[in-house]
Amino acid sequence: MNKTQKGAWLNLSGCLICMASFGYIYLHFFVLKKGPGITGIWPLLAAYCVFLVLPIVFLHKKQSPHEVAKDERDSLIEKRAVIAAFVSVWILLFAATIIPRFIVGVDGSIAVWCLAFINVGILFIVMLVYSIAILVQYGKGSKL
């Protein structure tokens with residue numbers, strides 16, 4: 001596994017943990033109408049601490065001393081993944097402008113603080129698309 005694959009796996013797991021923790025916090029604050037408490041925050045803090053240390057160990061370790069940092073195939077895979085992420089940005093921005101219209105109606109309004117959550121959600125989804133695109137292309141092997 002080269003550095004690009006390791007980074008994709010790290011991005012994928014980090015985005016999924018962030019989305020799960022935001023969902024957990026959203027559930028407690030907006031559905032249950034109470035805070036998660038100090039005991040509910042400890043697993044989230046432990047996961048974030050692991051993800052602060054994990055890249056140092058995981059990304060800087062090479063499989064062999066002869067492993068190259070990046071070759072033409074890696075560059076092509078990253079380029080295709082960026083294109084997939086760029087297309088997903090436009091699709092998600094289109095959805096982010098259309099979906100609220102159906103939820104609040106034509107004359108409705110959205111709170112300003114919701115826009116930040118919409119943009120962060122788009123960022124997480126785009127990073128997931130980028131990471132998955134990299135892993136799928138590496139998974140195809142020599143079929144590219």
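Residue positions within a chain follow its written sequence, with the count starting from 1. Since the coordinates come from a predicted model, pLDDT governs what is reported: local features require at least 70, and pairs of side-chain atoms require 80 or more to be given and counted, while whole-chain, interface and lining totals use all residues. Hydrogens and water molecules were not included; the side-chain quantities draw on all heavy atoms of the structure.

Undergrad: What am I meant to see in the packing of aromatic side chains here?
TA: Working definition: an aromatic ring pair is given by the centre-to-centre distance plus the angle between the planes. In this scheme Phe, Tyr and Trp rings, the latter by its six-membered ring, pair at centre separations within 6.5 Å, and the angle between planes marks the pair as stacked below 30 degrees, edge-to-face above 60, and tilted otherwise. Going through the model one piece at a time under the given rule, you end up with 3 aromatic pairs. Look at phenylalanine 86 and tryptophan 90: their rings are 6.1 Å apart centre to centre, the planes differ by 80 degrees, and that puts the pair in the edge-to-face class. A residue pair is termed a helical-turn pair when its members lie 3 or 4 positions apart in one helix, as phenylalanine 86 and tryptophan 90 do in helix α3 (residues 72-104) at 4 residues. Under the scheme applied here, a residue whose accessible area is under 20% of the maximum for its type counts as buried, over 50% as exposed, and between as partly exposed, the area being computed with a 1.4 Å probe on protein chains only. Its relative accessible area of 51% is what places phenylalanine 86 among the exposed residues. By relative accessible area, which is 53% here, tryptophan 90 ends up exposed. Per the convention used, a helix needs a DSSP run of H or I reaching at least four residues, while a strand needs a run of E reaching at least two, with both numbered from the N terminus.

Undergrad: Help me out: how do you make sense of the nonpolar core in this one?
TA: Side chains of nonpolar character tend, in soluble globular proteins, to be buried together. Of all hydrophobic cores here, the largest spans 17 residues; its most connected members are Ala81, Val126, Tyr130 and Ile134. Residue contributions to this core peak at 9 residues, all from helix α4 (residues 112-139). In this structure isoleucine 134 touches Thr4, Ala8, Ile77 and Ala81, once residues within four positions along its chain are discounted. Definition of nonpolar core: a set of buried residues of the types Ala, Val, Leu, Ile, Met, Phe, Trp, Tyr and Cys, connected through side-chain atoms within 4.5 Å. Residues are treated as being in contact if the distance between any of their heavy atoms lies within 4.5 Å.

Undergrad: Help me out: how do you make sense of the state of the cysteines in this one?
TA: Two cysteine sulfurs form a disulfide in these notes if their separation is within 2.5 Å. The final tally for this structure, using the stated rule, is 0 disulfides. In this structure cysteine 18 is a free cysteine whose sulfur lies 6.6 Å from that of cysteine 15, the closest cysteine sulfur available.

Undergrad: Just to check I follow, could you spell out α3 for this structure?
TA: Multiply 1.5 Å by the residue count of a helix minus one, and that product is the helix's expected span. Compared with the 48 Å implied by 1.5 Å per residue over 33 residues, the 48 Å span of α3 between its first and last C-alpha is a close match. Looking one or two places after α3, you find glycine 105, whose phi comes out positive at around 90 degrees.

Undergrad: What is the right way to look at the side chain of asparagine 2 in this model?
TA: Of note, asparagine 2 is situated in the segment before α1 (3-31). At a separation of 3.3 Å, a polar atom in the side chain of asparagine 2 contacts the main-chain amide nitrogen of threonine 4. N or O atoms within 3.5 Å of each other form a polar contact, as long as, within protein, one can give a hydrogen and the other can take it, and as long as residues adjacent in sequence are counted only when both atoms are side-chain atoms. A distance of 3.1 Å separates the side chain of asparagine 2 from the side chain of tyrosine 138, its partner in a polar contact.

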